[in-house]
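# Remarks on the overall topology
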Amino acid sequence: MAVERTLSIIKPDATKRNLTGKINQKFEDNGLRIVAQKRIQLTEDQAKKFYAVHAERPFYKDLVSFMISGPVVVQVLEGDDAVAQNRKIMGATNPAEADEGTIRAEFAENIEANSVHGSDSAENAAIEVSFFFSENEIVG
Ligand code: IDP
Ligand code: MG
């Protein structure tokens, strides 16, 4: 298994409920290392650009509003097979369908306010990591 990096975002529903530590514990308990992390307020432009792939979806406008409704924690997670491993730790997009013990099963409020983002491929991970971090901000 290759050591990979993936982008994670702790979303506003979770930062508002003070769940950053509990969510980070899930990553660390499951073999991922937080090698970069910052708490930021996304601008509308940033949120639109980050989720541009969903621009044609009916939920896009609401998603952008949600993502700027409070602070987010953007982070780089590193570990064996980190992209797929993080998706497993996160659980399904819809918390009603998420496996027991996953972040979304335990913490998400609904299909939109679902507590975390995680890159869905190694290729997108590289693009998304560089969206928020420069190489010298990531310390493995
Ligand atoms: P993912 O976050 O599990 O990769 P995506 O399909 O990439 O899911 O969707 C991006 C984000 O858009 C989701 O995490 C969620 O916040 C929101 N979203 C996805 N599907 C819906 C929906 O049907 N209604 C409202 N929001 C949605
Ligand atoms: Mg996605």
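Residues numbered from 1 in each chain as written. Chains lettered and ligands numbered in written order. Predicted model: local features only at pLDDT ≥ 70, side-chain atom pairs only at ≥ 80, totals over all residues. Heavy atoms only, no water.

### So, the environment of Ala2
Following the sequence through the fold, Ala2 ends up in the segment before strand S1 (3–10). Ala2 sits in the partly exposed class, given a relative accessible area of 49%. Ala2 sits 123 residues away from Ala125 along the chain, and the two C-alpha atoms are 14 Å apart. (Helix = DSSP H or I, 4+ residues; strand = E, 2+ residues; numbered from the N terminus. Buried < 20%, exposed > 50% of the residue type's maximum accessible area, 1.4 Å probe, protein only.)

### Brief notes about the site of ligand 1
Close to ligand 1 lie Lys11, Tyr51, His54, Phe59, Leu63, Arg87, Thr93, Arg104, Ile111, Glu112 and Asn114, which account for all nearby residues. At 2.6 Å, a side-chain N or O of Thr93 approaches an oxygen atom of ligand 1. In this structure, an oxygen atom belonging to ligand 1 sits 3.0 Å away from a side-chain N or O atom of Arg104. Contact with the protein chains hides 79% of the accessible area of ligand 1, taken as 530 Å² for the molecule alone. Split into classes, the residues belonging to the shell around ligand 1 amount to 4 nonpolar, 3 polar and 4 charged. (Near = heavy atom within 4 Å. Polar contact = N/O pair within 3.5 Å; in protein donor to acceptor, adjacent residues only side chain to side chain. Areas by Shrake-Rupley, 256 points an atom, 1.4 Å probe, with all protein chains shown as cover. Nonpolar A, V, L, I, M, F, W, Y, C, P; charged D, E, K, R; others polar.)

### Overview of the pattern of salt bridges
Going through the model one piece at a time under the given rule, you end up with 7 salt bridges. Between Asp13 and Arg17 there is a salt bridge, with its nearest N and O atoms 2.7 Å apart. Here Arg17 falls in the partly exposed class, since its relative accessible area comes to 33%. Shared partners join several salt bridges into a network, and the residues in it are Arg5, Glu78 and Glu135. (Salt bridge = Lys/Arg side-chain N within 4 Å of Asp/Glu carboxyl O.)

### A look at unusual backbone geometry
Not every positive phi belongs to a glycine, and Asn18 is a case in point at roughly 60°. The topology assignment puts Asn18 in the loop between helix H1 (12–16) and helix H2 (20–29). The exposure class assigned to Asn18 is exposed, which follows from its relative accessible area of 69%. Positive phi is not limited to glycine here, since Asp81 has a value of about 55°. Here Asp81 lies in the loop between strand S3 (72–80) and helix H5 (82–90).

### Some words on the sheet that holds strand S2 (residues 33–40)
Pairing is antiparallel across the open sheet formed by 4 strands, whose spatial order is S2-S3-S1-S4. Edge positions in the sheet fall to S2 and strand S4 (116–118), since each has one partner strand and no second. The sheet shows a mean angle of 20° between the axes of neighbouring strands, direction not considered. Where S1 meets S3, 8 bridges bridge the pair, whose relative direction is antiparallel. Along S3, the bridge assignment pairs Val3 with Asp80. (Pairing = 2+ DSSP bridges. Axes fitted to C-alpha atoms, helices over the stretch in contact; angles between N-to-C directions.)

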